[in-house]
Amino acid sequence: MGVNLCFWILGLYLALPLEGIYPPLCQTGYKITMIGSGCYDIDECGEDRHICGAWGTCHNMKGSYWCSCLQGFHQDGNIRSKCVDVNECIGAGNKYPCGENGSCFNLEGSYRCHCTPGFTTYGNNQTKCQELNCDPYATQSTPEQTLPGFDSLLSLLRNNCLVLSNSSGLAGATEMTGEALLTVLANVTDVLQLQSNSQGGNSGKVTTLLRTVENSIRLIAPQLRENVSRINTSHTEVEVVVRRDRTPPRGPVRLTNENIQLDTTWETAIGDDTNYPGFGFAILLSYKSLQTLTNSSEQLSSRVVTVSVSNPNTTNLSEPIILTFNHLKSSDVNTTCVYWSEDGEGAWSIQGCTSVMSNSTQTVCSCTHLSSFALLRGIQENKKYGQLPLVMWVGASVALACAVLSLLMTLWCRFISKKRNGGSRPEQHFKL
């Protein structure tokens, strides 16, 4: 009975809401450790290691706790709920996470896309399936278009393309990393530049070279694992920037090398947000030794550079790209911004490119489309020479018109004079 009395007295003590005496009860999340010692915070994280689930981390706070989840998991309730898997394949606002040509498979904390033949995720199984055409990587059909060493590169890239697009590649084909393919491309481009210069240039082969390099690097860029990849060989310098995000990236993009700087934006590089595949890239490839592209008298005042982005529609950009070229010679003046046009066999063209600023060492170009670009010297002088025959023709025409008019006036005057003289003679003869 004495023990029961003690417990009754203790209960009465705890229930008494008296000022300055021990509080009647502890708030939620607190507990009494010893009689008279007050309320102490309960460490829920320490008492239950799995209170947030296997994929969550518990964070204790005064009187409570909250859970944070790993990527791919979320809380199905309030901040103290356990972390559960996110089903990305049926998530709200994500009807086609793999695109309309892919199938989505949910995994614990992730998902995987499988594409129909002819489409690819470029080795990243969490991006939308994109159509992939392997025809540009077919070997050259005519000897005139064949570039030494390029057939081997094209065969390698075509095989890589067929593997990516779930099509049947060559027997025993092995997948190469994007970094390995980029290295091969740079080395082959080195050799081709030297051969192009030694042969004096050929418009058709130059067009094949530039087009194939651009197609090749567009296939390689999405396969690169690093956000920034750089390769600098004896004759080729390339920089590739890749962004992989659930939402399209925003903001400026700047790529630089020894002689050229590219300034653009991710909005330009991505293009239409509705077709965003889950990645974007920008490429700046500089040819150090491609000095003579054609047999014409036009001379390069800068390195030739190929610019490419993930946006498939680059013939008329919403915002122009800015290219800053360093002159090969500080004495170069009156340089002109040009791009390589594939019309006919290929030639330099000024269409869509304008000079923003130029001095003795640099020229800044603004271009509304993508291609291969350079600075040309001598084109302004050629334009002046081209205007000279027109001036001569105009002058000759004016002189000829004046001569004809003078002749007509002379004949008219003689005719009038003769008529007057002929009319007066009969009158004189009559008077005599």
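Since the model is a prediction, treat every value here as computed from it, not as a measurement. (Residues numbered from 1 in each chain as written. Predicted model: local features only at pLDDT ≥ 70, side-chain atom pairs only at ≥ 80, totals over all residues. Heavy atoms only, no water.)

K.L.:
For the state of the cysteines, give the residues involved together with the corresponding values.
P.N.:
Summed over all chains, the structure comprises 10 disulfides. Across the disulfide from C52 sits C67; the S-S distance is 1.9 Å. Taking the torsion about the sulfur-sulfur bond, which here is approximately -80°, the covalent link between C52 and C67 counts as left-handed. Placement of C52 in the loop between α2 (44-47) and β3 (56-61) and of C67 in strand β4 (residues 64-69) is noted, with a sequence separation of 15 residues between them. Take C52 and C67: they sit in the same class, and that class is buried. Linked covalently through their sulfurs, C353 and C367 form a disulfide whose S-S length is 2.3 Å. On the S-S bond that ties C353 to C367, the torsion sits near 120°, and the link is right-handed. Here C353, found in strand β21 (residues 353-358), pairs with C367, found in strand β22 (residues 362-367); they are 14 residues apart in sequence, far enough to count as distant. Across this residue pair, the class does not change: C353 and C367 are buried. (Disulfide = S-S within 2.5 Å. Helix = DSSP H or I, 4+ residues; strand = E, 2+ residues; numbered from the N terminus. Buried < 20%, exposed > 50% of the residue type's maximum accessible area, 1.4 Å probe, protein only.)

K.L.:
Describe the layout of surface pockets, with residues and values.
P.N.:
Considering only enclosed or pocket space, the largest pocket measures out at about 730 Å³ in volume. Taken together, 29 residues line the largest pocket, and the ones lying closest to its centre are Y122, Q130, E131, S310 and P312. Per-element tally for the lining of the largest pocket: the top contributor is helix α5 (residues 203-220), with 3 residues. When residues of the lining of the largest pocket are assigned to domains, at least three map to each of domain 2 (87-132) and domain 3 (135-164 + 177-191 + 204-377). (1 Å grid on protein atoms, 1.4 Å probe; cavity = no way out; pocket = protein on both sides within 12 Å on 5 of 7 lines; lining within 4 Å. Points joined across faces, edges and corners; volume = space filled by probe spheres on them. Domains from an automatic or database assignment.)

K.L.:
Run through the packing of aromatic side chains, naming residues and quoting values.
P.N.:
Enumeration according to the criterion identifies 4 aromatic pairs in this entry. Seen in terms of ring centroids, F279 and F281 are 6.4 Å apart; in terms of plane orientation they differ by 10°. Their pairing is stacked. Taken together, Y122, F279 and F281 form an aromatic cluster joined through their ring pairs. (Phe/Tyr/Trp six-rings, centres within 6.5 Å; stacked < 30°, edge-to-face > 60°.)

K.L.:
Any details on the pairing of β21? Residues and values, ideally.
P.N.:
Here β21 runs beside β22; their pairing, made up of 5 bridges, is antiparallel. Paired with T354 across the bridge in β22 is S366. Turn length for the β21-β22 hairpin, with the two strands adjacent in sequence and antiparallel, is 3 residues. (Pairing = 2+ DSSP bridges.)

K.L.:
Requested: an account of helix α3 (residues 150-164), with residues and values cited.
P.N.:
Here α3 spans 21 Å end to end across 15 residues, near enough to the 21 Å set by a 1.5 Å rise per residue. Within the span of α3, buried status applies to F150, L153, L154, L157, N159, N160, C161, L162 and L164. Immediately beyond the C-terminal end of α3, within one or two residues, lies N166, with a positive phi of roughly 60°. (Expected span 1.5 Å × (residues − 1).)

K.L.:
Break down α5 for me, with residues and values.
P.N.:
Taking 1.5 Å per residue, 18 residues should reach 26 Å; α5 reaches 26 Å between its end C-alpha atoms and fits that length. Counting buried residues in α5 gives 13 out of 18 residues, a clear majority hidden from the surface.

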